[in-house]
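# Understanding the architecture of this molecule
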Amino acid sequence: MIATIVISIVIILVILGSLFSAFSAIGLLRLPDVYSRSHAAGKASTLGSMLLLLGVFLFFIGEEGYVNFQILIGLFFVFITGPLSSHLVMKAAYNLGTPYTKRTKLDEIKDKD
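Numbers given to residues run from 1 along each chain, matching the order in which its sequence is written. Local features in this predicted model are restricted to residues whose pLDDT is 70 or higher, and side-chain atom pairs enter the listing and the counts only when it is 80 or higher, whereas totals over whole chains, interfaces and linings include all residues. Neither water nor hydrogens contribute to the side-chain values; these are computed over all heavy atoms in the structure.

### Considering the packing of helix α2 (residues 34-64) against helix α3 (residues 69-96)
Stated formally: Axis definition: a line fitted to C-alpha atoms, limited for helices to the stretch in contact. Angles are taken between N-to-C directions and run from 0 to 180 degrees. By the criteria applied, helices consist of DSSP H or I runs no shorter than four residues and strands consist of E runs no shorter than two, each listed in order from the N terminus. An angle counts as roughly parallel when it lies under 35 degrees, as roughly antiparallel when it exceeds 145, as roughly perpendicular when it falls between 65 and 115, and as oblique in every other case. For this classification, Asp, Glu, Lys and Arg are treated as charged, while Ala, Val, Leu, Ile, Met, Phe, Trp, Tyr, Cys and Pro are nonpolar and the rest, including Gly, are polar.
Two elements in contact, α2 and α3, have axes whose closest approach is 9 Å; the angle formed by their N-to-C orientations is 175 degrees. It follows that α2 is roughly antiparallel to α3 by the angle criterion. Considered class by class, the residues forming the contact of α2 with α3 number 18 nonpolar, eight polar and no charged.

### Quick word on the packing of aromatic side chains
Worth spelling out the cut-off: Two rings from Phe, Tyr or Trp (for Trp, the six-membered ring) form a pair when their centres are within 6.5 Å of each other. A pair whose planes differ by under 30 degrees is stacked, one over 60 is edge-to-face, and the rest are tilted. To sort residues, take the accessible area from a 1.4 Å probe on protein chains only and compare it with the maximum for the residue type: under 20% means buried, over 50% means exposed, and anything in between is partly exposed.
Following the criterion strictly, the structure yields four aromatic pairs and no others. Ring centres of F59 and F60 lie 6.0 Å apart, and the angle between their planes is 65 degrees; this geometry places the pair in the edge-to-face category. Taking relative accessible area as the criterion, F59 reaches 31% and is therefore assigned partly exposed. Look at F76 and F77: their rings are 5.6 Å apart centre to centre, the planes differ by 65 degrees, and that puts the pair in the edge-to-face class. Given the relative accessible area of 48%, F77 is considered partly exposed. Grouping aromatic residues by their ring pairs yields a cluster made of F59, F60 and Y66.

### Points about α3
Since there are 3.6 residues in each turn of an α-helix, residues three or four apart along the chain are aligned in direction. We apply this condition: In this analysis, the expected span of each helix is defined as 1.5 Å times one less than the number of residues it contains. Any pair of N or O atoms that falls within 3.5 Å is considered a polar contact. Within protein, one atom must be able to donate a hydrogen and the other to accept it, and sequence-neighbouring residues count only if both atoms are side-chain atoms.
The first and last C-alpha atoms of α3 sit 40 Å apart over 28 residues, in line with the 40 Å expected at 1.5 Å per residue. For α3, every residue scored as buried is listed here: I71, L75, G82, S86, A93 and Y94. The N-capping residue of α3, defined by a side-chain oxygen 3.1 Å from the backbone nitrogen of Q70, is N68. Looking one or two places after α3, you find G97, whose phi comes out positive at around 80 degrees.

### As for the side chain of N68
Just so we agree on the cut-off: Whether two residues are in contact is decided by their heavy atoms: any pair within 4.5 Å suffices.
As for its position among the elements, N68 is in the loop between α2 and α3. Looking at N68, the relative accessible area reads 14%, which means it is buried. Looking at N68, its side chain comes within polar contact range of the main-chain nitrogen of Q70, at 3.1 Å. The residues touching N68, leaving out its near neighbours within four places in the chain, are F57 and F60.

### So, the packing of helix α1 (residues 2-30) against α2
Definition in use: Left-handed describes a crossing in which the near helix is turned anticlockwise from the far one by less than a right angle; the clockwise case is right-handed.
Across the interface, α1 lies against α2 with an axial gap of 8 Å and an inter-helix angle of 160 degrees. Judged by the angle between their axes, α1 and α2 are roughly antiparallel. Considering the relative orientation of α1 and α2, their crossing is left-handed. Per-class residue counts for the contact of α1 with α2 are 18 nonpolar, ten polar and two charged.

Structural data, given as structure tokens:
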């Protein structure tokens, strides 16, 4: 009974992680500038990969009966490095003077300098 519930949760997490990863890929292709693309990659792909890793982690607990610490370390590093790399890409693009899309109304960083 418990194994069935765990497998159901695993399937839901893997499907949600796959959907978020697919939405992130669509966002990378369809969004107009590097800033919004980096935002899509930083948020949606991080959440998608974390959901996939969490599903695999729960699968090993429910099906195999042991805790895989390598997956926990992977979850931690994805949680830290995903948004950080997105921020660094946006900051580098801003410092290089990469143009915004025409719909951008406000540059808050320019006002601080």
